[in-house]
Amino acid sequence: MEPHHNQELHRALKARHITMIAIGGAIGTGLIIGTGEALAKAGPASILISYSFVGFIVYLVMCGLGEMASWLPLSSGFTGYAVRFCDPALGFAMGWTYWFKYIIVTPNQLTAGALVISYWVDTERVNAGVWITIFLVLIVCINYFGVQFFGEFEFWLSSFKVIVIIGLILLSFILMLGGGPDHDRKGFRYWKEPGAFASYIDDDHPVGKFYAFWATMVSATFAYLGTELVGVTVGEAQNPRKTIPRAIKLTFFRIIFFYVLSVLLVGTLVPYNSPELVFATNQSSSAAASPFVVAIVLAGIPILPHILNACILLFVFSAANSDLYIATRTIYGLAREGKAPAVFARTDRRGVPYVALIVSALIACLAYMNVSSDSKEVFGYFVDLVTIFGLLTWISLLVTHIYFVRARKAQGVPDSDLAYKAPLGVPGSYGALVFCILISLTKSYDVFVHSPKYGNFDYKSFITAYLGIPLYLIMIFGYKLITRCKGVDPHEADLWTGKDEIDREEAEYVARKEAEEGNHAGASWFYRTFVSWLF
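Only a predicted model underlies this, so the values are computations on that prediction, with no experimental measurement involved.

**Digging into the overall build of the chain**
Along its length, the chain carries 21 helices and zero strands. Residues classed as buried in the chain amount to 56% of the 535 residues present. Counted over contacts in the chain with a minimum sequence separation of 6, partners at least 24 positions apart contribute 83%. Summed over all atoms, the accessible surface of the chain reaches about 21,900 Å², with 65% contributed by carbon and sulfur.

**Focus: the environment of Pro 423**
Among the secondary structure elements, Pro 423 is positioned in the loop between helix H16 (373–410) and helix H17 (425–441). Given a relative accessible area of 52%, Pro 423 falls into the exposed group. Distance in space between the C-alpha atoms of Pro 423 and Cys 63 is 7.3 Å, their sequence separation being 360 residues. Among residues more than four places away in sequence, those in contact with Pro 423 are Tyr 59 and Cys 63.

**Things to note about the nonpolar core**
Core analysis: the biggest nonpolar cluster contains 158 residues, and Ile 32, Tyr 51, Leu 110, Ile 165, Tyr 224, Leu 308 and Trp 394 have the highest contact counts within it. Considering every element that reaches this core, the biggest residue donor is helix H14 (residues 304–336), with 16 residues. Non-local contacts of Leu 110, meaning those with residues more than four positions away in its chain, are made with Ile 132, Phe 135, Leu 136, Ile 139, Ala 320, Ala 364 and Ala 367.

**Considering a nonpolar patch on the surface**
A cluster of nonpolar side chains, Tyr 459, Ile 463, Leu 467, Leu 471 and Ile 474, forms an exposed patch at the surface whose accessible area comes to about 470 Å². Among the secondary structure elements, those contributing two or more residues to the nonpolar patch are helix H18 (459–466) and helix H19 (468–483). Tracing the chain through its elements places Leu 467 in the loop between H18 and H19.

**With respect to helix H8 (residues 147–176)**
Counted at 1.5 Å a residue, the expected span for H8 with its 30 residues is 44 Å, and the 42 Å between its end C-alpha atoms agrees. Looking at the residues trailing H8, positive phi occurs at Gly 178, about 90°.

**Considerations on helix H3 (residues 34–42)**
Along H3, seven of the nine residues are buried, which leaves the element largely enclosed by surrounding structure. Along H3, the positions that sit buried rather than exposed are Thr 35, Gly 36, Ala 38, Leu 39, Ala 40, Lys 41 and Ala 42. Gly 43 sits one or two residues past H3 and shows a positive phi near 95°.

**Regarding the packing of helix H5 (residues 77–85) against helix H6 (residues 88–117)**
When two helices pack together, their arrangement is given by the angle between the helix axes and the distance between those axes. It is the contact of H5 with H6, at a shortest axis distance of 7 Å, that shows an interaxial angle of 165°. In terms of axis orientation, H5 runs roughly antiparallel to H6. Here H5 and H6 pass one another in a crossing that is right-handed. For the pair formed by H5 and H6, the contact residues are Phe 78, Thr 79, Ala 82 and Val 83 on the first element and Pro 88, Leu 90, Gly 91, Met 94, Gly 95 and Tyr 98 on the second. By residue class, the composition of the contact of H5 with H6 is seven nonpolar, three polar and no charged.

**Points about the packing of helix H11 (residues 240–269) against helix H13 (residues 291–298)**
Packing of H11 against H13 leaves a shortest axis separation of 10 Å and a crossing angle of 40°. Here H11 and H13 pass one another in a crossing that is left-handed. Here H11 contributes Ser 262, Val 266 and Leu 269 to the contact with H13, which in turn contributes Pro 291, Phe 292, Ala 295 and Leu 298. Considered class by class, the residues forming the contact of H11 with H13 number six nonpolar, one polar and no charged.

The rules behind each value
Residues numbered from 1 in each chain as written. Predicted model: local features only at pLDDT ≥ 70, side-chain atom pairs only at ≥ 80, totals over all residues. Heavy atoms only, no water. Helix = DSSP H or I, 4+ residues; strand = E, 2+ residues; numbered from the N terminus. Buried < 20%, exposed > 50% of the residue type's maximum accessible area, 1.4 Å probe, protein only. Contact = heavy atoms within 4.5 Å. Areas by Shrake-Rupley, 256 points an atom, 1.4 Å probe, with all protein chains shown as cover. Core = buried A, V, L, I, M, F, W, Y, C linked by side-chain atoms within 4.5 Å. Patch = residues over 30% accessible without salt bridge, like charges linked within 9 Å, V, L, I, M, F, W, Y side chains within 5 Å. Salt bridge = Lys/Arg side-chain N within 4 Å of Asp/Glu carboxyl O. Expected span 1.5 Å × (residues − 1). Axes fitted to C-alpha atoms, helices over the stretch in contact; angles between N-to-C directions. Parallel < 35°, antiparallel > 145°, perpendicular 65-115°, else oblique. Left-handed = near helix turned anticlockwise from the far one by under 90°. Nonpolar A, V, L, I, M, F, W, Y, C, P; charged D, E, K, R; others polar.

Set out below in structure tokens:
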């Protein structure tokens with residue numbers, strides 16, 4: 001069947017798809033597993049403070065994104081906003097670095113899936129490449145069957161994630177109150193002994209405790225990376241003026257419920273000096289590394305670690321699936337803005353950017369590097385190199401939002417015309433911007449700090465941790481030098497192209513939905529009022 005060489009995505013993602021993709025993007029192995037390493041390094045009070053603070057930063061980033069996305073839901077996503085409101089060079093750098101991040105993260109997730117299965121089936125019995133192949137074929141098929149199928153699949157996977165997290169929170173609360181087989185009422189005992197704050201250095205020096213706390217700020221940042229992916233879905237969202245702001249608004253409550261409550265409870269169940277947490281620093285992708293499993297083992301509950309490992313496998317599979325989707329849509333957006341070869345903007349009859357999908361899937365074959373144990377260290381450094389691009393994306397989004405507000409004010413667009421306005425406005429974006437820059441510059445400060453615990457200066461970690469920043473700057477200034485482009489004047493920023501068409505689509509959609517609803521009004525009200533804030 002010959003595909004049509006059009007360049008349009010289909011608006012097939014429903015409100016429930018968007019909201020669940022938003023929460024699914026924020027919940028992953030970073031929460032279930034990454035908290036173990038953070039707890040072992042800094043103690044329960046440190047991770048509670050850092051996850052709460054970084055959660056607030058993430059909320060400010062999402063608010064700025066929501067204000068722009070609800071005004072003009074562009075199919076080119078982040079790239080389009082930066083090009084229109086700030087500087088074409090920023091759009092170029094942000095788009096390519098974001099794509100680069102996800103084409104590397106996708107094979108990393110495939111490898112993580114193989115490692116999770118190794119919890120039951122040793123790699124000597126079944127080669128990891130077999131599981132990587134199965135996962136890769138599945139996620140390519142899910143992405144190729146169209147955005148509606150992808151949205152439905154991710155909706156149910158993310159729903160399962162939410163149920164698992166709620167189950168873990170309830171179980172942790174019960175264990176904390178002594179409801180486990182050991183009937184040990186732990187309360188906040190471990191906050192007193194061994195203590196609320198661990199020290200980065202061997203002694204109990206306050207500076208060592210601050211070092212450890214700041215290290216968890218970085219861990220918390222990486223746990224939240226991916227929350228912004230809802231901005232990639234705006235081009236395929238039905239009624240985006242309503243669904244996008246709703247997804248953004250509810251992010252705040254989800255962060256409190258899922259992240260802050262989880263790290264608070266796990267900090268009461270597992271002491272930071274527990275020998276079982278050693279796994280958290282040695283084994284990054286199976287149940288053995290999760291502090292929740294450590295809590296279950298300490299409470300003497302059998303079988304449950306295997307069940308949780310199966311849940312983590314689904315978490316990783318969902319992450320790989322959505323990562324491939326983001327990679328595909330990001331390079332598509334770049335092509336639509338003229339920042340990548342035009343062939344990447346081609347879509348088939350179902351609105352799937354098939355060329356972008358094929359290329360992103362081929363690059364995901366890098367996962368086979370990890371079949372050889374000799375390549376794991378190299379690949380780990382490579383992943384470390386690109387993770388900073390997530391932080392640089394947040395920085396770029398905040399800068400773009402600041403410029404968007406300037407353009408809006410310069411052109412006399414009142415706040416009342418917005419479908420959604422960031423609660424803290426420009427001051428909130430400036431505050432978040434300062435801390436994002438600070439965290440990105442101090443991302444791997446521990447390579448400079450001599451510690452008997454963590455060793456001396458590691459030049460390889462230093463290079464891979466910070467090389468992303470000069471690469472990003474080279475892309476911005478290199479693009480400006482080659483194209484001679486200039487920053488966008490606030491009075492000339494394009495706030496209007498395509499808005500009329502989206503307004504018309506939205507009006508037609510709302511009218512159609514009102515005609516369809518009829519007898520389901522009561523059930524719809526119940527879902528919106530009591531259930532949808534969670535889902």
